[in-house]
Structure formats: structure tokens, C-alpha cells
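Inside the fold
Each chain, letter by letter, is given below.
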Amino acid sequence: MEILTKYLSLLIPILVIQLLLIIFALVDLVRRDQTRGPKWMWVLVILFVNMIGPIIYFLVGREEV
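In what follows, the accompanying structure is described. (Residues numbered from 1 in each chain as written. Predicted model: local features only at pLDDT ≥ 70, side-chain atom pairs only at ≥ 80, totals over all residues. Heavy atoms only, no water.)

**Overview of the pattern of salt bridges**
Tallying each qualifying case throughout the model produces 2 salt bridges. For the salt bridge of D28 with R32, the shortest nitrogen-to-oxygen distance reads 3.1 Å. A residue is classified by how much of its surface remains accessible, and D28, at 16% relative accessible area, is buried. Taking the shortest distance from any N to any O, the salt bridge between R62 and D28 comes out at 3.2 Å. You can see R62 sitting in the segment after α3 (52-61) and its partner D28 sitting in helix α1 (residues 2-31), a full 34 residues away along the chain. Using a relative accessible area of 23% as the deciding quantity, one classes R62 as partly exposed. (Salt bridge = Lys/Arg side-chain N within 4 Å of Asp/Glu carboxyl O. Buried < 20%, exposed > 50% of the residue type's maximum accessible area, 1.4 Å probe, protein only. Helix = DSSP H or I, 4+ residues; strand = E, 2+ residues; numbered from the N terminus.)

**Focus: a nonpolar patch on the surface**
The grouping of M1, L4, L8, L11, I12, L15, V16, L19, L20, I23, F24 and V27 at the surface amounts to a nonpolar patch, some 1100 Å² of accessible area in total. Following the sequence through the fold, I12 ends up in helix α1. (Patch = residues over 30% accessible without salt bridge, like charges linked within 9 Å, V, L, I, M, F, W, Y side chains within 5 Å. Areas by Shrake-Rupley, 256 points an atom, 1.4 Å probe, with all protein chains shown as cover.)

**Focus on the packing of α1 against helix α2 (residues 39-48)**
Helix-helix packing is described using two parameters, namely the angle between the two axes and the distance between the axes. For the pair α1 and α2, interaxial distance at closest approach is 10 Å and the crossing angle is 175°. Here α2 runs roughly antiparallel to α1, going by the angle between their axes. Residues I22, A25, L26, L29 and V30 of α1 touch α2, and the partners they reach there are K39, W42, V43, I46 and L47. Looking at the contact of α1 with α2 residue by residue, the class counts come to 9 nonpolar, no polar and 1 charged. (Axes fitted to C-alpha atoms, helices over the stretch in contact; angles between N-to-C directions. Parallel < 35°, antiparallel > 145°, perpendicular 65-115°, else oblique. Contact = heavy atoms within 4.5 Å. Nonpolar A, V, L, I, M, F, W, Y, C, P; charged D, E, K, R; others polar.)

Structure below.
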């Protein structure tokens, strides 16, 4: 039981960070008029490329106006 508590205390912050990154990336994607590539592709990258997907979107997908 002690081991489970130890792992959960490490896993929960990582899951919260991942969820926040996904939310921020999707909100930013919806608000942008233009992206590098189709928006549907970025939705798939953000949702299915765990933890790295939102970071890839913020580094590569955003097109500065």
C-alpha cells in the first residue's frame, strides 16, 4: 500500500500537467485563425501524442501573425 501511495504522489502531478497542456493547446488552437497545417491534424497531435503533442504544437504548429 505504501508503494502505491508513493507512485500516485508522483503520477498525479504529471497527469495534471499533461491535462493542463492539452487544454491550453486546444484553446489556443481554436482561437487562432492560421496554423502551420490543418487544424484537425493539430487536434490529433495534441490529443494522441502524450505530453509531447501539446509542446510540439506550441513550438511548431503556431503561426505567428
